[in-house]
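One letter stands for each residue in the lines below.
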Amino acid sequence: MRISIPICCLLSSFGLFLASWSSAARAEEYLLHRFERIQLSDQFFCEGASCGDFNQDGVTDIVSGPYWYAGPDYGHRQTVYPAKPFDINGYSNNFLTFTQDIDHDSWTDIVVIGFPDKQAYWYQNPHNKPGDWPRHLIYPVVGNESPTLADVTGDGEPELVFNTGGQLGYAQMDPNAPTHSWTFHPISPKGDFQRFTHGLGVGDVNGDGKPDLLEKNGWWEQPAAGRKQPFWAFHPVPFAKFGGAQMFAYDFDGDGDHDVVTSKSAHAYGLSWFEQVPAGDAIAFREHKIMGATAAENPYGVVFSQPHAMALADMNGDGIADLVTGKRFWAHNGHDPAAREPAVIYWFQTVRESGSAHFIPHQIDRNSGVGTQVTAADVNGDHWPDVVVGNKKGTFVILQHVQKVDQATWEAAQPKRLRP
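Figured I'd write up the structure that's included with this text.

This part takes up the sheet that holds strand S6 (residues 67-70). In space, the four strands of this open sheet follow the order S4-S5-S6-S7, with antiparallel pairing throughout. Edge positions in the sheet fall to strand S4 (49-52) and strand S7 (76-79), since each of these pairs with one other strand and no more. Taking the axes of each pair of neighbouring strands and ignoring which way they run, one obtains an average angle of 25 degrees across the sheet.

Below you can see the structure in the form of structure tokens.
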């Protein structure tokens, strides 16, 4: 089912939101961005979805739950593992999905993170052979609601970052035995990390070229190469009281150091970025609210709850990463009294101005939402990021289409700022 949704999501690819740009720059091209929602399934199989070329035809495919859908029209699906739809009033056994060539055979494999504190597996691509994909255990007990796959060690191989047994850390694969279970390396002492802990990310906070780990209470500094210490150094920062979703370290304001962005509560409201500021020899952060619990807390009047997933992607091609997030859909009240409000997805455009940053909200869709994961990637090969989600509403691919418009059309359709 294809539903074309033109939205007021217009922008100049040359950064015309910046007040300091000249009228000559404003005479350049103006681009209208609209999004087309394609629903691949209306069944609840998972809370995350991703993409990759699984059949080596040069076209990106979609994976969501037990199926992968062949691009470019996604009309044909094949099974990865036995299919079982779940009751939308409950939970699935698939919280996040990643794609990676795990065994280096040049075929894209699939990593599935199950229910918190349950197993994580990777599914080995069968090279276009029919039937279920061979399954291999990564780790038996994977906690946190936003585990991630990232190269933490710098060895060129992905590690799985999560918490288990009260400790934060990462599981590392033996590249010589990829089908064996991975080895967990704790980076923290035992603490209050539990299976439903919210908020987790990987990023180079201090600029030393080594990824650090982010969580709701602060960041864990990866030791310098060769330094022997039992755990990574912890730097407390109150990023979020309850914890949100995926966290990122990125230079939002363009001053050369890495800031941090996080949702404030995965089951309530709030989205903030934390500006890295000088503090002598230490690193400190200043919080800037992007969105709160009321419309009055966002300059454009945008508010939604349950921001349980977030991604970074350059949505408008200006070379600066933007935020993609939305409302996790619930079929019942659950944690959220506003559960039945529209299941929106937004991208927040990062605009650098006067040494700081602000974020302009553009609605992508209002009838899909996010799960515990949202994927932003170029699916159809036109060099513009699209959005892939799997959740209680089903599986969706939301394609971005771009067209040139005149200046008057562009200006008329800009999101309207209601307050400074």
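From this point on, the discussion continues.
Moving on: the environment of Lys392. Among the secondary structure elements, Lys392 is positioned in the loop between strand S28 (386-391) and strand S29 (394-405). Engagement of the side chain of Lys392 in a polar contact is seen with the backbone oxygen of Gly90, the distance being 2.3 Å.

Quick look at the nonpolar core now. Membership of the largest hydrophobic core comes to 19 residues, with the highest contact counts inside it found for Val261, Leu271, Ile290, Leu323, Phe348 and Phe359. Sorting the residues of this core by element identifies strand S21 (271-279), strand S22 (282-291), strand S25 (345-353) and strand S26 (356-365) as the ones contributing at least two each. Apart from the residues within four sequence positions on either side, Leu271 is in contact with Val261, Thr262, Ser263, Lys264, Lys289, Ile290, Met291, Met310, Leu323, Thr325 and Phe348. In terms of nonpolar packing, the next biggest core, distinct from the first, is built from 18 residues, Ala120, Trp122, Tyr139 and Met173 among them.

All told, the structure shown has seven salt bridges when counted by the stated rule. The partner of Glu297 in a salt bridge is Lys289, and the shortest N-O contact between them spans 2.7 Å. Looking at Glu297, the relative accessible area reads 28%, which means it is partly exposed. Taken together, the shared-partner salt bridges in this structure form one network comprising Glu47, Arg328 and Lys392.

Pairing is antiparallel across the open sheet formed by four strands, whose spatial order is S23-S24-S25-S26. With one partner strand each, in any of the chains shown, strand S23 (310-313) and S26 form the two edges of the open sheet. Taken pair by pair, the neighbouring strands of this sheet meet at an average axis angle of 25 degrees, ignoring direction. Pairing geometry for strand S24 (residues 322-326) and S25, over four bridges, is antiparallel. Counterpart to Thr325 in the pairing with S25 is Tyr346.

Procedures and definitions
- Residues numbered from 1 in each chain as written.
- Predicted model: local features only at pLDDT ≥ 70, side-chain atom pairs only at ≥ 80, totals over all residues.
- Heavy atoms only, no water.
- Pairing = 2+ DSSP bridges.
- Helix = DSSP H or I, 4+ residues; strand = E, 2+ residues; numbered from the N terminus.
- Axes fitted to C-alpha atoms, helices over the stretch in contact; angles between N-to-C directions.
- Polar contact = N/O pair within 3.5 Å; in protein donor to acceptor, adjacent residues only side chain to side chain.
- Core = buried A, V, L, I, M, F, W, Y, C linked by side-chain atoms within 4.5 Å.
- Buried < 20%, exposed > 50% of the residue type's maximum accessible area, 1.4 Å probe, protein only.
- Contact = heavy atoms within 4.5 Å.
- Salt bridge = Lys/Arg side-chain N within 4 Å of Asp/Glu carboxyl O.

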